[in-house]
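Residue-level structural notes
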Amino acid sequence: MLNYDLVVIGGGPAGLAAAVEAKKNGIDSILIIERDRELGGILNQCIHSGFGLHEFKEELAGPEYAQRFIDQVNELGIEYILNTMVIELNKDKEIIALSEDGLINIGAKSIVLAMGCRERTAGAVAMNGYRPAGVYTAGMAQRMMNMEGLMVGKEVVIYGSGDIGLIMARRMTLEGAKVKCVVEISPQSSGLNRNIAQCLNDYDIPLYLSHNINKVHGKEKIEGVTICKVDEKWQPIKGTEQYFSCDTLLLSIGLIPENELTVNAGIEIGEVTNGPKVKSNMETSMEGVFSCGNVLHVHDIVDFVTKESRVAGKNAADYIKGINDSDGKKLFETEAGNGVSYVIPNYVVSGGKDGANLYFRSRKPYKKVEVKVLIGDKVIKTKKMPAMIPSEMVNIPLSPEEIANLNDKIKVEVKEIGK
Ligand SMILES: Cc1cc2nc3c(=O)[nH]c(=O)nc-3n(C[C@H](O)[C@H](O)[C@H](O)COP(=O)(O)OP(=O)(O)OC[C@H]3O[C@@H](n4cnc5c(N)ncnc54)[C@H](O)[C@@H]3O)c2cc1C
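Thresholds applied
- Residues numbered from 1 in each chain as written.
- Predicted model: local features only at pLDDT ≥ 70, side-chain atom pairs only at ≥ 80, totals over all residues.
- Heavy atoms only, no water.
- Near = heavy atom within 4 Å.
- Polar contact = N/O pair within 3.5 Å; in protein donor to acceptor, adjacent residues only side chain to side chain.
- Areas by Shrake-Rupley, 256 points an atom, 1.4 Å probe, with all protein chains shown as cover.
- Helix = DSSP H or I, 4+ residues; strand = E, 2+ residues; numbered from the N terminus.
- Nonpolar A, V, L, I, M, F, W, Y, C, P; charged D, E, K, R; others polar.
- Pairing = 2+ DSSP bridges.
- Buried < 20%, exposed > 50% of the residue type's maximum accessible area, 1.4 Å probe, protein only.
- Arc of directions from axis to C-beta.
- Contact = heavy atoms within 4.5 Å.

The name given to the chain in an unreviewed UniProt entry is FAD-dependent oxidoreductase, with Peptostreptococcus equinus as the source organism.

**Quick look at the site of the ligand**
Around the ligand, the structure places 32 residues, and the nearest of them are Ala14, Glu34, Ile42, His48 and Asn294. Contacts to the ligand include Glu34, whose side-chain N or O atom sits 2.7 Å from an oxygen atom. Between Arg35 and the ligand, the recorded distance is 3.1 Å, taken from a side-chain N or O atom to an oxygen atom. Burial of the ligand by the surrounding chains reaches 94%, relative to a free accessible area of 970 Å². Those elements that place two or more of their residues in the shell around the ligand are helix H1 (13-24), strand S6 (85-89), helix H3 (138-146), helix H4 (163-174) and helix H7 (302-320). Taken together, the residues of the shell around the ligand break down into 18 nonpolar, 11 polar and 3 charged.

**Here we look at the pairing of strand S28 (residues 410-416)**
With 3 bridges connecting them, strand S21 (residues 331-336) and S28 associate as parallel partners. Across the sheet, the residue bridging to Thr334 is Ile410, located in S28.

**Comments concerning helix H5 (residues 193-200)**
All buried positions along H5 are accounted for by Asn195, Ile196, Cys199 and Leu200. Along H5, the residues classed as buried sweep out an arc of 105° about the axis, all on the same side. Each element contacted by the buried residues of H5 is listed here: H4, strand S13 (178-183) and strand S14 (207-208).

Rendered as structure tokens:
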């Protein structure tokens, strides 16, 4: 069996930042395990710009952002293996991975889970008709076009207005395809406002809100779709059907954190996030196992992934050195109060040396809100925001002083303060 102090599962931006941080904090024996052919994760296929504004105060493309961390991994001499997939993690922090040379057993003092997320596929949505050729997830089409140089189709309908779908609407248009429309079942888009403006409005691509795909036409190859308007209960409204011919249907219907390893290892999972429950030092319910990035909760901005992953890497290093910020200290739960769908971390360490970074999302769109962070009934922080939408994650850092005398739950709530 191979033995390392730290094993990082997943070589995307989360795993890379965690490994770099652990190395900077004095850990030399580190292994990153990546199932793909190169490091960088999903960022390798995100060739559009918009990454790194918080982290580097520059606008980078996805591969450029990833490269900055890959360079650090190489400069610091951090070991990694590619084309190797971790297939099992047990309670003794032993890992079984499938590599090109067969199975490898690896023991670790500490582990960082950074496996990212995958997209929901056509089987996850109710649409009449077959699932013929020409139906892709938006991310698969993104990979085929941006990494393999393959054009997936010429007449496109996009189902779901998540960011990946919106970005692919623009990408396919720029490559010469006709994007007929984007169909969204909710009354509002689940993508960022800037992506609606830059990827749809700038190219005159219609967005049909409160609409669903009624039927997929075609058996061997997709020929078209029928869409229709839906009521508040998402039931089809008769007489509103419209047919669009197409040779491609892209699905942008949500991301699922890749937690099969986590669940099988018996680590506690959050109901709303579908990621492991973590303390403010990013430690999961299994001692010495930390988590960060999209496997923990789906992020919209990679800069936040990096910030969070540094905390995981630093605390994994401390754990290996025998220091655990949560050792012998009381943990207080975080609670999603009025208007908030979830809060990460799930537990805050009372008197933690690094404070806590709260990440959360609103349940629905709001205009002019005040966000309050409370310990019990006492408000410890407020933040006024001109608008809040579920697709934009909000971050409020709490200093060590603010949580020094924690004696109750930490609640985050949203209150509308007028138009
Ligand atoms: C399809 C898609 C498109 C996206 N487009 C954008 C965008 O345009 N703009 C934006 O800001 N954000 C985008 N995101 C979000 C972006 O992915 C995240 O901000 C960021 O990449 C998350 O980093 P991560 O390291 O947590 O996950 P990832 O980048 O997904 O990296 C996880 C890595 O873990 C590896 N892995 C998983 N399981 C195993 C295993 N068992 N063994 C070994 N390796 C494993 C994967 O191969 C992958 O390389 C997109 C996400 C997806 C899924």
